[in-house]
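Listed here are the chains, written in short residue letters.
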Amino acid sequence: MNRQISGWTTGVAVVTGIFAGIALWATVAGAQEIRDDLRDIRGDRQDIRRDTRDIREDRGEIRQDNREIRQDARELRGDRQSLRDAIDPQAIRNARRELRQDRREMRHDVAERHHDVRDLRQDRHERHGDVRDLRHDRRELRRDVHARRAG
């Protein structure tokens, strides 16, 4: 009989130890999950700040490109007027050369603006994804905190 009680006591002690180990592991795992969620949220915020800074820079570059395009358009109007006013062949050649050069510069500035607009769109897309990740990580944090409090 003592042997049965001893066996039963040992079994209870083993089961209790297993449950205690599981509870301890769940507590440690829950704390680790919360720490990981907080680290993810911090990283997401940094990504959003970086994307916002990139967007601001892209907008500035687009403004600068627009200024350059307007300046090129003014120069083209002046070159066309110079070509109309030119009388001798050398003046006509010079006016045509200036007109070609200014057209080339304007095409380059328009292409540059197109590239900057594409960069802006890409940065906005990345920021949108980072905001989505931040929301997801916040939901996970709330779920993990709630599970730890309940458990």
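Each remark here, short or long, concerns the structure printed above.
Since this is a predicted model, take the numbers as computed values, not measurements.

K.L.:
Please clarify how the overall build of the protein chain should be interpreted in this entry.
P.N.:
Of regular secondary structure, the protein chain possesses two helices and zero strands. In the protein chain, of all internal contacts separated by at least 6 residues, the share reaching a separation of at least 24 is 84%. For the protein chain, the accessible area works out to roughly 11500 Å², and carbon and sulfur atoms hold 53% of it.

K.L.:
Looking at this structure, how should I read helix α2 (residues 89–150)?
P.N.:
For an α-helix, 3.6 residues make a turn, and residues three or four places apart therefore share a direction. Between its terminal C-alpha atoms α2 stretches 91 Å, which fits the 92 Å expected from 62 residues at 1.5 Å a residue. Its side-chain oxygen at 3.2 Å from the backbone nitrogen of Q90, D88 defines the N-terminal cap of α2.

K.L.:
How should the nonpolar core be read in this particular structure?
P.N.:
Where a protein is soluble and globular, its nonpolar side chains tend to be buried together. The biggest cluster of nonpolar side chains holds five residues, and these are I34, I41, I48, L134 and L141. For this core, the secondary-structure elements that each account for two or more residues are α1 (2–85) and α2. In terms of residue count, α1 provides more of this core than any other element does, three residues in total.

K.L.:
Which parts of the structure should I look at to understand the pattern of salt bridges?
P.N.:
Pairing between side chains becomes possible if they bear opposite charge and their charged atoms approach one another. Tallied over the full model, the rule gives three salt bridges. Measuring nitrogen to oxygen at the nearest pair gives 3.4 Å for the salt bridge that ties R143 to D144. Its relative accessible area of 7% is what places D144 among the buried residues.

Rules used throughout
- Residues numbered from 1 in each chain as written.
- Predicted model: local features only at pLDDT ≥ 70, side-chain atom pairs only at ≥ 80, totals over all residues.
- Heavy atoms only, no water.
- Helix = DSSP H or I, 4+ residues; strand = E, 2+ residues; numbered from the N terminus.
- Contact = heavy atoms within 4.5 Å.
- Areas by Shrake-Rupley, 256 points an atom, 1.4 Å probe, with all protein chains shown as cover.
- Expected span 1.5 Å × (residues − 1).
- Polar contact = N/O pair within 3.5 Å; in protein donor to acceptor, adjacent residues only side chain to side chain.
- Core = buried A, V, L, I, M, F, W, Y, C linked by side-chain atoms within 4.5 Å.
- Buried < 20%, exposed > 50% of the residue type's maximum accessible area, 1.4 Å probe, protein only.
- Salt bridge = Lys/Arg side-chain N within 4 Å of Asp/Glu carboxyl O.

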